[in-house]
Amino acid sequence: MKTKTRAFLKWAGGKYALVEEIARRLPQSERLVEPFVGAGSVFINTDYSSYLLSDINPDLINLYKTIQSQPDHYIHEAAKLFVPGNNDKARYYDLRAEFNQTQDTFERAVMFLYFNRHGYNGLCRYNKKGGFNVPFGSYKKPYFPEKELNFFAEKAQRATFICADYRTTFEQVRTGDAVYCDPPYLPLSATASFTSYASGGFNMDAQQGLADCANDAAELGASVLISNHDTPQAREIYQNASYQDFLMVKRTISQKGAGRKKVNEIFARYGN
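Keep in mind it's a predicted model, so treat the numbers as computed, not measured.

Concerning the overall build of the chain
A count of helices and strands for the chain gives 10 helices and 7 strands. Computed over the C-alpha atoms, the radius of gyration of the chain is 18 Å, within 12% of the 19 Å expected from 2.2 N^0.38 for a compact globule of 272 residues. For the chain, the residues scored as buried account for 52% of the 272 residues in total. Expressed as a percentage of contacts within the chain between residues at least 6 apart in sequence, the contacts between residues at least 24 apart total 69%. With the model as given, the accessible surface of the chain reaches about 13500 Å², and the carbon-plus-sulfur share is 48%.

Right, dumping it as structure tokens:
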């Protein structure tokens with residue numbers, strides 16, 4: 001793999017540190033499908049002819065489509081929010097209130113990046129009414145990722161972005177596709193669950209449903225790779241995979257440095 005490129009978004013569970021391991025487990029193919037694209041680290045650090053990239057977060061997919069179709073205008077307008085006067089708690093909450101009331105897709109895309117870089121720990125979280133509710137992050141000088149945005153915009157010309165759940169995305173998987181799934185991970189303990197990237201969460205039925213979709217896609221001639229925490233539940237869920245292998249990785253969700261210990265990651269492959 002060439003020099004890695006970082007995603008322009010901060011993202012809980014992002015795969016930047018693991019892209020080499022993921023890429024070498026993915027088969028050669030014309031198209032890569034990602035039902036949980038997230039910040040897109042695997043997308044921007046692989047080299048397929050085309051991509052089908054999906055997520056259930058409409059703000060995320062709207063952002064990607066906006067950058068894909070209007071890169072220069074988007075970057076110019078987004079940069080305007082990255083000024084000292086906007087790195088202020090009161091201003092942040094005023095903008096958050098505006099974001100939660102507007103339906104203008106371009107405005108939402110511009111503000112989404114601002115919140116990602118100015119909000120607490122780069123989280124993306126919504127309340128039960130669908131309102132974005134991440135608190136202010138109090139960073140000294142939030143980074144404006146112009147270089148990363150330009151890279152993404154160019155690579156996005158090979159991609160199709162859809163706002164859909166994994167089942168709907170798997171309905172579009174074709175023979176010969178490579179599929180990488182990075183679902184919200186199974187909790188390592190009863191208190192460790194972190195699955196609220198978008199409203200609805202991702203329960204055990206959804207985890208099993210994903211494995212079933214992977215198995216069905218493999219029978220159609222696609223190849224599916226799923227990553228998750230290595231837990232007894234994961235090994236049971238992926239028992240029908242063609243193979244499983246494991247890797248020690250550092251956790252990055254924990255706020256405390258002492259909590260960023262290494263844990264086992266499981267990779268389950270369905271198909272060739």
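Observations regarding the UniProt feature "binding site: S-adenosyl-L-methionine" (unreviewed entry) in the chain
Under the UniProt annotation, "binding site: S-adenosyl-L-methionine" (unreviewed entry) lies at Trp11, Lys15, Asp55 and Asp182. Within the secondary structure, Lys15 is located in the segment before α1 (19–25). In this view, Lys15 contacts Ile22, Ser41, Val42, Tyr180, Asp182, Tyr185, Ser227 and Glu265; residues no more than four positions away in its chain are not counted. Looking at where Asp182 falls in the secondary structure, it is placed in the loop between β4 (178–181) and α9 (204–219). Given a relative accessible area of 15%, Asp182 falls into the buried group. Among all residues touching Asp182, those that are not within four sequence positions of it are Gly13, Lys15, Phe36 and Ser227. A distance of 3.0 Å separates polar atoms of two side chains, one belonging to Asp182 and the other to Lys15.

Considerations on helix α3 (residues 58–69)
Given a rise of 1.5 Å per residue, 12 residues ought to cover 16 Å, and the 16 Å separating the end C-alpha atoms of α3 matches this to within 8%. With respect to burial, α3 is a largely interior element, 9 of its 12 residues being buried. Taken together, the buried positions of α3 are Asp59, Leu60, Ile61, Asn62, Leu63, Tyr64, Thr66, Ile67 and Gln68. The N-terminus of α3 is capped by Asn57, whose side-chain oxygen sits 2.9 Å from the backbone nitrogen of Asp59.

Looking at the packing of helix α5 (residues 89–101) against helix α6 (residues 105–118)
Remark: α5 packs on α6, axes separated minimally by 10 Å, with the N-to-C direction vectors making an angle of 145 degrees. As α5 runs across α6, the sense of the crossing is left-handed. Across the interface between the two elements, Arg91, Tyr92, Leu95, Arg96, Glu98, Phe99 and Asn100 from α5 touch Glu107, Arg108, Met111, Phe112, Tyr114, Phe115 and His118 from α6. Taken together, the residues that form the contact of α5 with α6 break down as 7 nonpolar, 2 polar and 5 charged.

Some details on unusual backbone geometry
Positioned with a positive phi, Asn121 is a non-glycine residue whose angle comes to about 60 degrees. On the secondary structure map, Asn121 appears in the loop between α6 and α7 (146–155). At Ser138, a residue that is not glycine, the phi angle is positive and equals roughly 55 degrees. Within the element layout of this structure, Ser138 appears in the loop between α6 and α7.

Definitions and limits used
- Residues numbered from 1 in each chain as written.
- Predicted model: local features only at pLDDT ≥ 70, side-chain atom pairs only at ≥ 80, totals over all residues.
- Heavy atoms only, no water.
- Helix = DSSP H or I, 4+ residues; strand = E, 2+ residues; numbered from the N terminus.
- Rg over C-alpha atoms; globule rule 2.2 N^0.38 Å.
- Buried < 20%, exposed > 50% of the residue type's maximum accessible area, 1.4 Å probe, protein only.
- Contact = heavy atoms within 4.5 Å.
- Areas by Shrake-Rupley, 256 points an atom, 1.4 Å probe, with all protein chains shown as cover.
- UniProt positions renumbered as here; feature names shortened; annotations may be inferred.
- Polar contact = N/O pair within 3.5 Å; in protein donor to acceptor, adjacent residues only side chain to side chain.
- Expected span 1.5 Å × (residues − 1).
- Axes fitted to C-alpha atoms, helices over the stretch in contact; angles between N-to-C directions.
- Left-handed = near helix turned anticlockwise from the far one by under 90°.
- Nonpolar A, V, L, I, M, F, W, Y, C, P; charged D, E, K, R; others polar.

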